[in-house]
Amino acid sequence: MKHLKYLTLLIALSFSISSCTSTKTALFDHYSYQKTTELKVETSKLMSKATASYSSHKEEVESLMFHIEKLSEYEKNKPNNEITFAMWKLLTNKEKNLLAGFFKRWETKGIVSQAFLEESKKQVLDALDLLIQYEIKKDRESKDALLDLINGNT
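Residues numbered from 1 in each chain as written. Predicted model: local features only at pLDDT ≥ 70, side-chain atom pairs only at ≥ 80, totals over all residues. Heavy atoms only, no water.

Each helix and strand counted, the chain has 7 helices and 0 strands in total. Going from the N terminus to the C terminus, the chain shows its helices and strands as α-α-α-α-α-α-α. When burial is assessed residue by residue, the chain has 34% of its 154 residues classed as buried. At a minimum sequence separation of 6, the contacts of the chain that also span at least 24 residues come to 72%. As displayed, the chain has an accessible area near 9700 Å², and 57% of this comes from carbon and sulfur atoms. (Helix = DSSP H or I, 4+ residues; strand = E, 2+ residues; numbered from the N terminus. Buried < 20%, exposed > 50% of the residue type's maximum accessible area, 1.4 Å probe, protein only. Contact = heavy atoms within 4.5 Å. Areas by Shrake-Rupley, 256 points an atom, 1.4 Å probe, with all protein chains shown as cover.)

Here it is, written out as structure tokens:
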């Protein structure tokens, strides 16, 4: 009878552990947090220059996108990190209205209006803030906020 009790407990514990594995989220990663924060600051500074000619800032845009591409590749290969990687894919999609889409429009137009710059910058920086908060907290609220943004833009 005692063995049956332990067997039941072991089975219950096994089910509990296996049910949690499907909802795993990558743990806090200081490197991801640091790099995302740095990229946010660089993004803000570069976007502020968009009322000037794109051609005079083309190398800066390319450099920033290269650094983002490297971080995106890092994020892609972390286990249980699909949400963060999906957000980086959204930010770097030239057909969407976030970072890469902004740079594409700046390149196409040559310069952008102050009003467009301000609205675009707010959207991009808010998206990066969501990404940063998710990396810090890894809680349900920050996850849902990030998923709402991702799902609203796909």
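Additional details are given in the paragraphs that follow.
On to the packing of helix 2 (residues 30–47) against helix 5 (residues 99–109), then. Across the interface, helix 2 lies against helix 5 with an axial gap of 12 Å and an inter-helix angle of 25°. Classified by the angle between their axes, helix 2 and helix 5 sit roughly parallel to one another. Judged by the twist between their axes, the crossing of helix 2 over helix 5 is left-handed. Counting all contacts with helix 2, which are made through Thr 43, Leu 46 and Met 47, the residues of helix 5 involved are Leu 99, Phe 102, Phe 103 and Trp 106. Residues of the contact of helix 2 with helix 5, tallied by class, amount to 6 nonpolar, 1 polar and no charged. (Axes fitted to C-alpha atoms, helices over the stretch in contact; angles between N-to-C directions. Parallel < 35°, antiparallel > 145°, perpendicular 65-115°, else oblique. Left-handed = near helix turned anticlockwise from the far one by under 90°. Nonpolar A, V, L, I, M, F, W, Y, C, P; charged D, E, K, R; others polar.)

Another aspect to go through is the packing of aromatic side chains. Per the counting criterion, the structure on display carries 7 aromatic pairs. For the ring pair Phe 102 and Trp 106, a centre distance of 6.3 Å and an interplane angle of 45° mean the geometry is tilted. One end of the pair, Phe 102, and the other, Trp 106, are both in helix 5, 4 residues apart, so they sit about a helical turn from each other. The same class applies to Phe 102 and to Trp 106, which are both buried. In this arrangement the basic side chain of Arg 105 is found over the ring face of Phe 116, its NZ or CZ atom lying 4.2 Å from the centre. (Phe/Tyr/Trp six-rings, centres within 6.5 Å; stacked < 30°, edge-to-face > 60°. Lys NZ or Arg CZ within 6 Å of the ring centre and 35° of its normal.)

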